[in-house]
Amino acid sequence: MEFESQKFISQAVSAIPRSGIRDFFDIVQGMKDVISLGVGEPDFVTPWHIREAAIYALERGRTGYTSNLGLLSLREAIATSVNKHFKAGYDPAREILIAVGVSEAMDLAFRALINPGDEVIYHEPCYVSYAPGIALAHGVPVAVSCRPEHAFSVTAAAIEKAVTPKSKALVLNFPTNPTGGTMERGELEKIAKLARRHNLVVITDEIYSELTFEGEHVSIAALPSMKERTVFLHGFSKAYAMTGFRIGYACGPAAIIDAMMRIHQYSMLCASIISQEAALEAIQHGEADTLEMREQYRGRRNLIVGAFNEMGLPCHLPRGSFYAFPCIQSTGLSSKDFARQLLEAEKVACVPGSAFGPTGEGYLRCCFATALDRIEVAVERMARFVKKVRS
Ligand SMILES: Cc1ncc(COP(=O)(O)O)c(C=O)c1O
């Protein structure tokens, strides 16, 4: 008889689902000649001078642990950069922690802030890790839906409706994965006011902020009286095409950063020193690379969004991120069936919108961090598929 190891798994972990993205891409891995608009990862290799900084770190024998908070030189450079680009000032000695990607920083923030039963509000469709991350910290995830009528931004009024006496925190992510939604300063000010009124702590995931195509990107951390109740998370994966380096950071009030550091020191100890050295080069000398990549993404975005609208899949123009989120409801297929059948029939991989929460049903996430000529072929194939489904 097979030993039932399953029964050893904690209830909290048993209750979380596998990521809908990973499940889907296990299927894609086994197929040939697929054009992938799937995984949210830049198709660019990390710029050479950043890779060279990593190589040079190895050559100099920079192979040990760093301080739990991370290299002071990197924290100082982050403080300068965040002040310049986001108009938010942080003390590199006490208010910045280097983590293993925004992924780890987000997990640390949840674990440092949530008591069992605390409600955490976030906007949906959203990045796959928020609800499981909140649940693993024994919090209660509370989703507020973002609608295409509002270009997938969230309204203060919608958040207000979700607030209860148990509300503890609010998670924001603009530009948003998977919709490319952004926020106007005015609405963000209303949300800041609401957070102060209800004494909420805000966790803001700024990972796509450099990939804002139109309008000014404003972080809630920079609004008056918000720094003391905001954890600002950012990283290097998307802006500098450094996903494999696994490096990100958190900025916030010293007490919260210290709490996050205490978890980090016992679980991770520190982020890789090689990645930290590469990140230092990126943040000090990589701005031109980011701008160059953003301009390429802009051209790809215009092409893919135009093509979706032409084939009768209504798609709003994402003002940030590298994701298009067309509506596929008119085909009569669920988003999972659409993605599966498209993959089988035309070898184009996209992620079903339902992977990003129930409000993502009826949509498809298509990552345009893929070469322009590949996108051209992908949309031709998709148009053929849509025509066939409709006939
Ligand atoms: C919104 C969002 N936050 C965080 C992450 C994870 O970033 P990192 O590579 O820094 O862990 C992603 C990755 O796709 C993301 O889309």
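Residues numbered from 1 in each chain as written. Predicted model: local features only at pLDDT ≥ 70, side-chain atom pairs only at ≥ 80, totals over all residues. Heavy atoms only, no water.

Caption draft 1: Main features of helix H10 (residues 273-285). In this model, H10 (13 residues) spans 18 Å end to end at C-alpha, consistent with the 18 Å of a helix rising 1.5 Å per residue. All buried positions along H10 are accounted for by Ile273, Ser275, Gln276, Glu277, Ala278, Ala279, Leu280, Glu281, Ala282 and Ile283. Where the residues of H10 are buried, they touch helix H3 (48-59), helix H4 (72-86), strand E2 (96-99) and helix H11 (287-310). The N-cap residue of H10 is Ser272: its side-chain oxygen and the backbone nitrogen of Ile274 are 3.2 Å apart. (Helix = DSSP H or I, 4+ residues; strand = E, 2+ residues; numbered from the N terminus. Expected span 1.5 Å × (residues − 1). Buried < 20%, exposed > 50% of the residue type's maximum accessible area, 1.4 Å probe, protein only. Contact = heavy atoms within 4.5 Å. Polar contact = N/O pair within 3.5 Å; in protein donor to acceptor, adjacent residues only side chain to side chain.)

Caption draft 2: View of the pairing of strand E8 (residues 248-251). Of the two faces of E8, both are covered, the one formed by Gly248 and Ala250 as well as the one formed by Tyr249 and Cys251. Here E2 pairs with E8 via four bridges, running antiparallel. Counted as the bridge partner of Ile96 is Cys251 from E8. With four bridges connecting them, strand E7 (residues 230-235) and E8 associate as antiparallel partners. (Pairing = 2+ DSSP bridges.)

Caption draft 3: Structural detail: the pattern of salt bridges. Evaluated as defined, the whole model comprises 17 salt bridges. The partner of Arg60 in a salt bridge is Glu277, with the nearest N and O atoms 3.6 Å apart. Separated by 217 residues along the polypeptide, Arg60 in the loop between H3 and H4 and Glu277 in helix H10 bring together distant segments of the chain. The exposure class assigned to Arg60 is partly exposed, which follows from its relative accessible area of 41%. Residue class for Glu277 comes out buried when judged on its relative accessible area of 9%. With its nearest N and O atoms 3.2 Å apart, the salt bridge here joins Asp258 to Arg262. (Salt bridge = Lys/Arg side-chain N within 4 Å of Asp/Glu carboxyl O.)

Caption draft 4: Summary view of the side chain of His234. Along the chain, His234 falls in strand E7. A polar contact is formed between the side chain of His234 and the side chain of Ser209, at a distance of 3.4 Å. Setting aside anything within four residues of it in sequence, one finds His234 in contact with Phe86, Val102, Glu206, Ile207, Ser209, Glu210, Gly248 and Tyr249.

Caption draft 5: Region of interest: the packing of aromatic side chains. Counted under the stated rule, the structure contains 15 aromatic pairs. Centroid distance Phe338 to Phe385: 5.1 Å. Interplanar angle 85°. Geometry classified as edge-to-face. One end of the pair, Phe338, is in helix H12 (residues 335-346); the other, Phe385, is in helix H13 (residues 372-390), with 47 residues separating them in the sequence. Under the relative-accessibility criterion, Phe338 is labelled buried at 0%. Residue classification places Phe385 among the buried positions, given a relative accessible area of 5%. In textbook terms, an aromatic cluster arises when at least three aromatic residues are bridged by ring pairs, as seen for Phe44, Tyr208, Tyr297, Phe322 and Tyr323. (Phe/Tyr/Trp six-rings, centres within 6.5 Å; stacked < 30°, edge-to-face > 60°.)

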